[in-house]
Amino acid sequence: MLDQFLDFYPSFGVDAFFLLVILVALESVLSADNAIALASISQGLGNERMQRQALNLGLVVAFVLRMGLILTATWVIKFWQFEFLGAVYLLWLVYQHFSSAEGKDGEHHGPRFANVWQAIPMIALTDLAFSLDSVTTAIAVSDETWLVLTGATIGIVVLRFMAGLFIRWLDEFVHLEDAGYVTVGLVGLRLLLRVFNDDLVPPDWLMISAIGGLFLWGFSKRKLIQIEEKVTPVAEDVPEKVRD
């Protein structure tokens, strides 16, 4: 089967296979902060069914936008305005999160939505802003468009799986949402630095290390689940007729 596939697509070889593995790995690593941002946005809906719908439909739109970005990447990277707008949008998300009123648990929370259709555009735009960073990295790894498209397709499937996990984890860990938005801020600052001076952009290993450290902090403390104990009334509280 593999030999037939290689004969069918002659440009696909061992080198291409390892490049695809690298691209998928990059997508997975760079999608961690994206996934938590999307999970936090989805939590602005009332129930789990609506959250799943918003994620599924939002990522379908995001997939179309991401494919369009890849196909026009050589043109897009010529205009710094795209990265500037992406950076401003991500930093706005961070500002909106940390300036929001604290909930009963003393933590900040993302925006709230009345229905699924309000959340879908925000999910799609957030993924597109993140894609400005990841697509640039992917193109630097390989100039084979079909390879980048394949890696991005697998990456968005991984992103959907990770976002579903983070929706559950956000309910379990105290600092996870704040840690996620700090990483969103780092990506936004990285895009902004790239606009003004590419030499100031921190290396990938430093970004990955910083994101890893933030997520360690995010998973460092679980939320306490308060269990209400039912107290059985004592004899003095029971009416005399019942005791008789």
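Note: the structure precedes this text.
Residues numbered from 1 in each chain as written. Predicted model: local features only at pLDDT ≥ 70, side-chain atom pairs only at ≥ 80, totals over all residues. Heavy atoms only, no water.

Peer 1: Can you explain the pattern of salt bridges? Please cite residues and give values.
Peer 2: Pairing is possible between side chains of opposite charge, provided their charged atoms come close. Scanning the model with the defined rule gives 3 salt bridges in all. Asp127 serves as the salt-bridge partner of Arg66, at 2.6 Å between the closest nitrogen and oxygen. Within this pair, whereas Arg66 is found in helix H3 (residues 48-71), its partner Asp127 is found in helix H6 (residues 116-141), the two being separated by 61 residues in sequence. Judged by its relative accessible area of 2%, Arg66 is buried. Two residues, Arg222 and Glu172, come together in a salt bridge whose shortest N-O distance is 3.0 Å. Within this pair, whereas Arg222 is found in the loop between helix H9 (204-218) and helix H10 (240-243), its partner Glu172 is found in the loop between helix H7 (145-170) and helix H8 (176-196), the two being separated by 50 residues in sequence. (Salt bridge = Lys/Arg side-chain N within 4 Å of Asp/Glu carboxyl O. Helix = DSSP H or I, 4+ residues; strand = E, 2+ residues; numbered from the N terminus. Buried < 20%, exposed > 50% of the residue type's maximum accessible area, 1.4 Å probe, protein only.)

Peer 1: Can you break down the packing of aromatic side chains residue by residue, with the values?
Peer 2: Under the counting rule described, the total for this entry stands at 10 aromatic pairs. Following the ring pairs from residue to residue traces out a cluster consisting of Phe166, Trp169, Phe173, Phe215 and Phe219. (Phe/Tyr/Trp six-rings, centres within 6.5 Å; stacked < 30°, edge-to-face > 60°.)

Peer 1: Give a detailed account of the packing of H8 against H9, specifying residues and quantitative values.
Peer 2: Where H8 contacts H9, the two axes come as close as 8 Å, and the packing angle between them is 165°. Between H8 and H9, the angle is such that the two are roughly antiparallel. Note that H8 runs across H9; the crossing there is right-handed. Of the residues in H9, those touching H8 at Leu176, Asp178, Ala179, Val182, Thr183, Leu186, Val187 and Arg190 are Asp204, Met207, Ala210, Ile211, Leu214, Phe215, Trp217 and Gly218. Across the contact of H8 with H9, the residue classes break down as 11 nonpolar, 2 polar and 3 charged. (Axes fitted to C-alpha atoms, helices over the stretch in contact; angles between N-to-C directions. Parallel < 35°, antiparallel > 145°, perpendicular 65-115°, else oblique. Left-handed = near helix turned anticlockwise from the far one by under 90°. Contact = heavy atoms within 4.5 Å. Nonpolar A, V, L, I, M, F, W, Y, C, P; charged D, E, K, R; others polar.)

Peer 1: A description of the nonpolar core should follow, citing residues and the corresponding values.
Peer 2: As a rule of thumb, soluble globular proteins bury nonpolar side chains together. Membership of the largest hydrophobic core comes to 45 residues, with the highest contact counts inside it found for Leu45, Leu90, Phe166, Leu176 and Phe215. Put simply, the parts of the chain that give this core at least two residues each are helix H2 (14-42), H3, helix H5 (80-98), H6, H7, H8 and H9. The element best represented in this core is H6, accounting for 8 residues. When sequence neighbours within four positions are dropped, the list of residues in contact with Phe215 reads Ala32, Asp33, Ile36, Phe166, Leu176 and Thr183. (Core = buried A, V, L, I, M, F, W, Y, C linked by side-chain atoms within 4.5 Å.)

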